Amino acid sequence: MIAVLLSVLLLTVTYALVLASFHPWDLAIGATVSSAVLTLFRRFLFGDRPAVLEDFGKRLVAFVPFAAIASRDIIAGTWTVALIVLHVRPLREPGIVAVPVGDRTPVGVAVSALVTTLSPGSFLVDVDWDRGVMLIHVLDAKDPAGVCEAHQRFYYRYQKRVFP
């Protein structure tokens, strides 16, 4: 029950943020739409019974540094792309790097892909589940081992506590 209520709340807040309005009518419409979506897709989203969120408090606390570092990477990527576009910094060796999936769950892979793609200058091309790698295009693929190490370090230090 708590997972459903939390889901309705998060979907409603997301709806309000997309509209850029927290007017009571917008919140009411968002809550109605969120409730309808969860009712229609309950089995798909939660299975027969809603799953219990394990260690929710710890995950919530760990989300703060995760979001901060992801934001820092987005700002750094934006700066790098701006310098390249303005021809202040040369485009070195763009390419695709295979980053091992490791012990990421499917949700962990999706979150890694989202964080990677949010940062300008890199994006997920594909996930090769057979080889166990994420194929990521980066603007500077001169040091593939360094790119892999940076992604793994981010995962193990920040993401794994929130989205394993």
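Preceding this section is the structure that the text describes.
If you're wondering where the values come from, they're calculated on a predicted model, not measured in any experiment.

Chemist: Outline the packing of aromatic side chains, listing residues and values.
Modeler: Within this structure, the stated rule accounts for 6 aromatic pairs. Where Tyr155 meets Tyr156, the ring centres are 5.0 Å apart and the plane angle is 75°; that geometry is what we call edge-to-face. By relative accessible area, Tyr155 is classed as buried at 1%. Within the aromatic cluster, the residues linked to one another by ring pairs are Phe63, Phe66, Phe154, Tyr158 and Phe163. The residue whose ring lies beneath Arg104 is Tyr155, and the NZ or CZ to ring-centre distance is 4.3 Å.

Chemist: Would you mind going over the environment of Val133 in detail, with residue names and values included?
Modeler: Along the chain, the position of Val133 falls in strand E3 (residues 133-138). Val133 gets classed as buried once you look at its relative accessible area, which sits at 11%. Each C-alpha atom of the pair Val133 and Val4 lies 33 Å from the other, and the pair is 129 residues apart in sequence. When neighbours within four sequence positions are excluded, Val133 is seen to be in contact with Ala98, Val99, Pro100, Val101, Asp126, Val127 and Asp128.

Chemist: Tell me what's going on with the packing of helix H4 (residues 56-85) against helix H6 (residues 144-159), and back it up with residues and numbers.
Modeler: Where H4 meets H6, the axes come as close as 9 Å, and the angle between the chain directions of the two elements is 150°. Taken together, the axes of H4 and H6 lie roughly antiparallel to each other. Contact residues: H4 offers Pro65, Phe66, Ile69, Ala70 and Asp73, while H6 offers Phe154, Tyr158 and Gln159.

Chemist: Can you lay out the sheet that holds E3 for me, pointing to particular residues and giving the numbers?
Modeler: Spatially, E1-E3-E2 is the arrangement adopted by the 3 strands of the open sheet, whose pairing is antiparallel. Every other strand in the sheet has two partners, leaving strand E1 (95-100) and strand E2 (122-128) as the edge strands with one partner each. Adjacent strand axes in the sheet meet at a mean angle of 30°, parallel and antiparallel pairs treated alike. Here 6 bridges tie E2 to E3, and the two strands are oriented antiparallel to one another. Pairing of Leu124 across the sheet is with Ile136, part of E3. Helix H5 (residues 106-118) rests against E2 and E3 of the sheet, and its axis sits at about 155° to E2. Each of E1 and E3 touches H6; the most contacted strand, E1, lies at about 45° to it.

Chemist: Lay out the pattern of salt bridges in plain terms, naming residues and giving numbers.
Modeler: What the rule picks out here adds up to 5 salt bridges. The residue Arg131 makes a salt bridge to Asp128 at a minimum N-O spacing of 3.8 Å. Under the relative-accessibility criterion, Arg131 is labelled exposed at 55%. Arg153 is paired through a salt bridge with Glu149; the nearest N and O atoms lie 2.4 Å apart. Linking Arg153 with Glu149, this pair stays in helix H6, spanning 4 residues, or about one helical turn.

Chemist: Please provide a residue-by-residue account of the pairing of E3, values included.
Modeler: For E3, a buried count of 5 out of 6 residues is recorded, marking the element as mostly surrounded by other parts of the structure. Pairing geometry for E1 and E3, over 6 bridges, is antiparallel. Bridge assignment links Val99 to a residue of E3, and that residue is Met134. In this structure, the hairpin formed by E2 and E3 is closed by a connection of 4 residues, where Gly132 is found at a positive phi of approximately 75°.

Parameters and conventions
Residues numbered from 1 in each chain as written. Predicted model: local features only at pLDDT ≥ 70, side-chain atom pairs only at ≥ 80, totals over all residues. Heavy atoms only, no water. Phe/Tyr/Trp six-rings, centres within 6.5 Å; stacked < 30°, edge-to-face > 60°. Buried < 20%, exposed > 50% of the residue type's maximum accessible area, 1.4 Å probe, protein only. Lys NZ or Arg CZ within 6 Å of the ring centre and 35° of its normal. Helix = DSSP H or I, 4+ residues; strand = E, 2+ residues; numbered from the N terminus. Contact = heavy atoms within 4.5 Å. Axes fitted to C-alpha atoms, helices over the stretch in contact; angles between N-to-C directions. Parallel < 35°, antiparallel > 145°, perpendicular 65-115°, else oblique. Pairing = 2+ DSSP bridges. Salt bridge = Lys/Arg side-chain N within 4 Å of Asp/Glu carboxyl O.

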